[in-house]
Amino acid sequence: MTAEALHGPAEPYKPGLPRPGALLRVASDAVPPSGLVLLAILSVQVGAGFAKDLFAQLPPSAVVFLRIATGALVMSVIARPRLRGLTRADVGVGIAFGVTLGVMNLSFYQALAQLPMGIAVAIEFLGPLGVAVAASHRRLDLLWVALAGSGVALLAPWGTAASRISWAGIGFALIAAVCWAVYILLASAAGRRFPGATGLSFAMIVSFLLVAPVGVAAGGADLLRPELLLIGLGVGLLSSVIPYSIELEALRRMPKRVFGILMSLEPAVAAMVGLLVLGEVLEVREWAAIGCVVVASVGATRTSRERRD
């Protein structure tokens, strides 16, 4: 689930502040920026695959708790947020940012529990697609809206009594999509109000405080099992910390629009990871639907006038 939009604008780092991708710099210099973006996408989706596989032992909300707890812990070390110098409006933006992050992850993991990975990600991707279309205001964008809508229509279980695609799963994925759209806007606002990556760090701490009661209540004593904690740590690293660091490095070395176009491949990569990791074989109709969303996202990114970091 990470993307340029998901993490917000990449702020320039000031002397003395640690760069999240510093440990990866030497290795990443040998990899072309397009390869870095694909690695980040793969990391996110493999993390989602491991998370879904964990649903057999823990409820989705408990897995979300493990993921966000890991991300909050690591990010608070990398970029410790400070309240000094922030106004009430700044803190309010940070809190809204964190609440949106928490609800987005809870909704997406509920969708992931009821839908194949590629389908859940494709529907969730309507969020950043909607933001890109809204920022462009071109007639051509109506084509991308229609194409994405056609993709969702192909996924809907019309007249199918015993379908693996449930309306509840689609509903959760749409909630995640709306949250992602709001997240993009709040990420931009937080990037202007918080120095460096501290806005995301602050948001992850807020998200942790929001999700912890739900996740702990759902997971119970199983959250103390060492093997589940270890997998949860891996999910958090793969889904948040590692791709965030890689994306910052990629953004440093490539045009932002190219970055956005490459990120549009995420639903297709999710479908492939679902197939290879979870054995989720999609029908031709479902692949066509995912293709519609990917093409619509690429088209909207290319025609958008918005310049995002």
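Residue positions are given per chain, counted from 1 along the sequence in the order it is written. Local features in a predicted model are, by the rule used here, given only for residues with pLDDT of at least 70; side-chain atom pairs are given and counted only at 80 or more, and totals for whole chains, interfaces and linings are based on all residues. As a convention, hydrogens and water are excluded, and side-chain values are obtained from all of the structure's heavy atoms.

Turning to a nonpolar patch on the surface, a few remarks are in order. Only residues whose relative accessible area exceeds 30% and that take part in no salt bridge are eligible for patches, with like-charged residues grouped when within 9 Å of each other and nonpolar side chains (Val, Leu, Ile, Met, Phe, Trp, Tyr) grouped when within 5 Å. For every accessible area listed, the method is Shrake-Rupley and the probe measures 1.4 Å; residues are considered covered only by the protein chains on display. In the sections that follow, a salt bridge refers to a side-chain nitrogen of Lys or Arg positioned within 4 Å of a carboxyl oxygen of Asp or Glu. A cluster of nonpolar side chains, contributed by Phe50, Ile231, Met272, Leu275, Leu276, Val277, Val281 and Trp287, occupies part of the molecular surface with about 690 Å² of accessible area. The greatest single-element share of the nonpolar patch, amounting to 4 residues, is contributed by helix H13 (residues 266-278). In this description a helix means any DSSP run of H or I spanning at least four residues, a strand means any run of E spanning at least two, and both kinds are numbered starting from the N terminus. As for its position among the elements, Phe50 is in helix H3 (residues 33-54). Buried, partly exposed and exposed residues are distinguished by accessible area as a fraction of the type maximum, computed with a 1.4 Å probe on protein chains only: under 20%, between the cut-offs, and over 50%, respectively. Overall, the relative accessible area of 39% leaves Phe50 in the partly exposed class.

Every α-helix carries 3.6 residues per turn, so stepping three or four residues along brings you back to the same face. Expected span, for any helix, means 1.5 Å times one less than how many residues it has. The terminal C-alpha atoms of helix H11 (residues 226-253) lie 39 Å apart, and with 28 residues this matches the ideal 40 Å at 1.5 Å per residue to within 8%. To get the bend at a given residue, fit one axis to the seven residues ending there, fit another to the seven starting there, and take the angle between those axes. Within H11, the axis deviates most sharply at Leu237, by approximately 40 degrees.

A separate point is the pattern of salt bridges. Across all of its chains, the model carries 5 salt bridges by this definition. Between Lys52 and Glu280 there is a salt bridge, with its nearest N and O atoms 2.5 Å apart. In this pair, Lys52 sits in helix H3 while Glu280 sits in the loop between H13 and helix H14 (284-303), placing the two residues 228 residues apart along the sequence. The residue Arg225 makes a salt bridge to Asp222 at a minimum N-O spacing of 3.9 Å.

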